[in-house]
Amino acid sequence: MHPRGHRSDGLSSGMRDAGYVSIDDTWEGKRDEDGVLHTNEKFPDMKALADYVHSKGMKIGIYSSPGPKTCANYEGSYGHEQQDADLYASWGIDYLKYDLCSFHGIMTQQAPDDKARQDQIMRAAYEKMHQSLLKTGRPIVYSLCEYGWDAVWQWAPAVGANLWRTTGDIQPNFDRMSLIGREQAGLSKYAGPGHWNDPDMLEVGNGKLSLDQNRVHMGHWAMLAAPLLAGNNLSQMTPEIAAILTNRDVIAIGQDPLGRQANRIFAEGPIEIWSRPLAGGSVALEIINFSDDDNYLSGIPLHLKEAGAGSGWKARDLWAGKDLGPIQDDYKFVLKRYSSLLLRLTK
């Protein structure tokens with residue numbers, strides 16, 4: 001899991017136990033006469049910050065772009081790839097998000113009206129940073145962000161990516177989150193240990209998402225084996241949101257060592273059922289109601305066989321934190337509007 005910033009509140013809230021602190025865009029200053037990139041006044045000593053984060057048992061990530069400018073119009077890495085990679089390694093950086101941003105302009109300039117050639121140029125830019133990171137000798141997780149273009153899941157591992165964005169940007173509303181979450185159906189074969197689909201950061205705790213909607217969001221991203229990158233303001237986080245983001249049973253699904261992404265096994269109207277095989281033979285089962293009405297699942301079984309489970313397997317409700325005992329395919333329950341049931345099933 002990757003808590004984002006707000007170090008003191010992240011430590012006290014329990015977010016520290018989840019893993020990374022990731023610094024997004026706007027940390028960059030100017031390059032000097034030798035081309036060395038300096039940080040701005042918000043980050044006066046990146047090496048000291050990285051040392052502090054490491055001292056707390058976490059790792060630290062940073063952000064750049066293959067273009068001359070980042071999405072927020074700060075300095076990108078174009079023409080300085082090895083120089084920047086060496087800089088990150090000298091600071092002790094563990095993770096790099098590499099966001100396409102202004103490089104798209106270079107693609108269209110170099111190959112106007114030739115989408116296939118533009119895609120080749122894009123791939124080469126990501127491979128260039130991959131090679132630069134390798135030459136540093138420091139293991140740095142490589143995160144591609146190019147919004148799912150050119151079926152990135154098919155070629156990203158070949159350019160060294162450990163994860164890659166599969167979609168455009170998420171927004172803190174249920175419609176956008178739902179669309180992105182449902183678009184991940186069919187991509188499970190491209191995910192596994194060391195190479196992951198990334199449907200963008202979590203918006204848990206942002207916007208006007210209800211607690212049920214936040215649980216759907218967190219639970220579904222865990223089912224998708226997605227990077228759990230928290231994007232909320234930790235200094236303003238309520239105990240209810242903290243409980244969602246730090247639910248150990250749900251995080252365990254997301255970080256299951258088998259590394260298998262969930263598949264959608266049923267979809268009828270607003271109801272979807274997803275299943276994910278887990279290490280040790282267990283199964284995670286998720287039933288989601290995307291409707292704005294309560295749903296009694298009339299005539300809809302759990303589809304245990306399709307999930308890889310069996311009748312009579314023991315079920316644990318991960319959001320309620322309680323064991324349900326042996327469960328049958330005709331288990332009856334009510335799904336409230338915009339809510340889900342997330343179960344761990346074991347023989």
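Quick summary incoming for the structure in this document.

1. Observations regarding the overall build of the protein
Line of reasoning, step 1. Regarding its fold elements, the protein presents ten helices and 14 strands.
Line of reasoning, step 2. Over its C-alpha atoms the protein spans a radius of gyration of 21 Å, differing by no more than 12% from the 20 Å that the globule rule assigns to 347 residues.
Line of reasoning, step 3. Overall, the protein is about 70 × 50 × 35 Å in size when its C-alpha atoms are taken along their principal axes.
Line of reasoning, step 4. Counting over 347 residues, the protein shows a buried share of 54%.
Line of reasoning, step 5. Restricting to contacts in the protein with at least 6 residues of sequence separation, those with at least 24 account for 65%.
Line of reasoning, step 6. Carbon and sulfur atoms make up 48% of the accessible area of the protein, which totals about 15,000 Å².

2. Side note on the packing of helix H6 (residues 174–182) against helix H7 (residues 211–223)
Line of reasoning, step 1. Across the interface, H6 lies against H7 with an axial gap of 11 Å and an inter-helix angle of 20°. Taken together, the axes of H6 and H7 are roughly parallel relative to one another. Judged by the twist between their axes, the crossing of H6 over H7 is left-handed. Of the residues in H7, those in contact with Phe174, Met177, Ile180, Gly181 and Arg182 of H6 are Gln213, Val216, His217, His220 and Trp221.
Line of reasoning, step 2. Taken together, the residues that form the contact of H6 with H7 break down as five nonpolar, four polar and one charged.

3. As for helix H2 (residues 46–55)
Line of reasoning, step 1. Of all the residues in H2, the buried ones are Met46, Leu49, Ala50 and Val53. With its buried residues spanning 100° around the axis, H2 presents them on a single face.
Line of reasoning, step 2. For H2, the capping residue at the N-terminal end is Asp45, with a side-chain oxygen 3.4 Å from the backbone nitrogen of Lys47.

4. Some remarks on the packing of helix H3 (residues 81–91) against helix H5 (residues 115–136)
Line of reasoning, step 1. Running from N to C, H3 and H5 point in directions that differ by 45°, and their axes come no closer than 8 Å. One way to sum up the angle between H3 and H5 is to call them oblique. As for how H3 packs across H5, the hand of that crossing is right-handed. Along the contact surface, H3 presents Glu81, Gln82, Ala85, Asp86 and Ala89, while H5 presents Lys128, Met129, Gln131, Ser132, Leu133, Lys135 and Thr136.
Line of reasoning, step 2. Across the contact of H3 with H5, the residue classes break down as four nonpolar, four polar and four charged.

5. Quick word on the packing of aromatic side chains
The geometry of an aromatic ring pair is captured by the separation of the ring centres together with the interplanar angle, meaning the angle of the planes.
Line of reasoning, step 1. Enumeration over the complete set of coordinates arrives at ten aromatic pairs.
Line of reasoning, step 2. Residues Tyr88 and Trp91 carry aromatic rings whose centres are separated by 6.3 Å and whose planes lie at 45° to one another, so their mutual orientation is tilted. On the criterion of helical spacing, the pair formed by Tyr88 and Trp91 is a turn pair, its members being three residues apart in helix H3. An identical accessibility class is assigned to Tyr88 and Trp91; each is buried.
Line of reasoning, step 3. Note on Phe174 and Tyr338: the rings are 4.7 Å apart at their centroids and 50° apart in plane angle, and the pair reads as tilted. Here Phe174, found in helix H6, pairs with Tyr338, found in the loop between strand E13 (322–326) and strand E14 (339–346); they are 164 residues apart in sequence, far enough to count as distant. Exposure class is identical for Phe174 and Tyr338. Each is buried.
Line of reasoning, step 4. Chaining the aromatic ring pairs together yields one cluster made of Trp27, Tyr88 and Trp91.
Line of reasoning, step 5. Lying over the aromatic face of Phe290, Arg182 brings its terminal NZ or CZ to 4.1 Å of the ring centre.

6. Considering helix H4 (residues 103–110)
Line of reasoning, step 1. Burial in H4 covers these residues: Phe103, Ile106 and Met107. Looking down the long axis of H4, one finds its buried residues gathered within 100° of arc, a one-sided arrangement.
Line of reasoning, step 2. In the core, the buried residues of H4 are packed alongside H5.

7. Focus: the side chain of Asn206
Line of reasoning, step 1. Mapped onto the secondary structure, Asn206 falls in the loop between strand E8 (196–198) and H7.
Line of reasoning, step 2. Residue class for Asn206 comes out buried when judged on its relative accessible area of 17%.
Line of reasoning, step 3. Within the structure, the side chain of Asn206 is placed 2.6 Å from the side chain of Glu203, a separation counted as a polar contact.

8. Some details on the nonpolar core
When a protein is soluble and globular, its nonpolar side chains tend to lie buried together.
Line of reasoning, step 1. Of all hydrophobic cores here, the largest spans 44 residues; its most connected members are Trp27, Ile62, Trp91, Leu96, Tyr126, Tyr142 and Leu144.
Line of reasoning, step 2. If you list the elements that add at least two residues to this core, you get H2, strand E4 (59–64), H3, strand E5 (95–99), H4, H5 and strand E6 (141–145).
Line of reasoning, step 3. In terms of residue count, the dominant contributor to this core is H5 (six residues).
Line of reasoning, step 4. Apart from residues no more than four positions distant in its own chain, Leu144 is found in contact with Tyr98, Tyr126, Val152, Trp155, Ala156, Val159, Ala161, Leu163, Trp164 and Arg165.

9. Quick word on the sheet that holds E13
Line of reasoning, step 1. Strands sit in the order E9-E10-E11-E14-E12-E13 across an open sheet of six strands; the sheet is antiparallel. A strand with exactly one partner marks an edge of an open sheet, and here the two such strands are strand E9 (263–268) and E13. This sheet shows a mean twist of 20° between the axes of neighbouring strands, independent of strand direction.
Line of reasoning, step 2. Taken together, the seven bridges between strand E11 (residues 283–289) and E14 define a ladder with antiparallel strand orientation. Paired with Val283 across the strands is Leu345, a residue of E14.

Rules used throughout
- Within every chain, residues take consecutive numbers counted from 1 along the sequence as written.
- Reporting in this predicted model follows two pLDDT cut-offs: at least 70 for local features of residues, and 80 or more for side-chain atom pairs to be given and counted; totals over whole chains, interfaces and linings ignore these cut-offs and use all residues.
- Only hydrogens and water are set aside when side-chain values are computed; all heavy atoms of the structure are taken into account.
- Helical segments are the DSSP runs of H or I of at least four residues, strand segments are the runs of E of at least two, and each set is numbered from the N terminus.
- Just to be clear, the radius of gyration here is over C-alpha atoms, and the globule rule we use is 2.2 Å times residues to the power 0.38.
- Burial classification: accessible surface area is computed with a 1.4 Å probe over protein chains only, and a residue below 20% of its type maximum counts as buried, one above 50% as exposed, and the rest as partly exposed.
- Here, two residues are considered to be in contact whenever any of their heavy atoms come within 4.5 Å of each other.
- Each accessible area is a Shrake-Rupley result for a 1.4 Å probe, and residues are judged covered by the shown protein chains and nothing else.
- Think of each axis as a best-fit line through the C-alpha atoms, taken over the contacting stretch in the case of a helix, with angles from 0 to 180 degrees between the N-to-C directions.
- Our angle categories are set so that under 35 degrees counts as roughly parallel, over 145 as roughly antiparallel, 65 to 115 as roughly perpendicular, and the remainder as oblique.
- Each crossing is labelled by how the near helix is turned from the far one, with a counterclockwise turn of less than a right angle marking it left-handed and a clockwise turn marking it right-handed.
- In the scheme used here, Gly and all other residues not listed as nonpolar or charged are polar, with Ala, Val, Leu, Ile, Met, Phe, Trp, Tyr, Cys and Pro taken as nonpolar and Asp, Glu, Lys and Arg as charged.
- Summarising the geometry, the arc corresponds to the directions from the helix axis toward the C-beta atoms.
- Here a polar contact is taken to be a pair of N or O atoms separated by no more than 3.5 Å, where protein atoms must pair a possible hydrogen donor with a possible acceptor and residues adjacent in sequence count only if both atoms sit in side chains.
- Between 30 and 60 degrees the pair is tilted, below 30 it is stacked and above 60 it is edge-to-face, where a pair is any two Phe, Tyr or Trp rings, Trp via its six-membered ring, whose centres lie within 6.5 Å.
- Lysine and arginine charges are scored as sitting over a ring when NZ or CZ, respectively, is within 6 Å of the ring centre and within 35 degrees of the ring normal.
- Put simply, buried Ala, Val, Leu, Ile, Met, Phe, Trp, Tyr and Cys residues joined by side-chain atoms within 4.5 Å make one nonpolar core.
- Two strands are said to pair when DSSP picks up at least two bridges between them.

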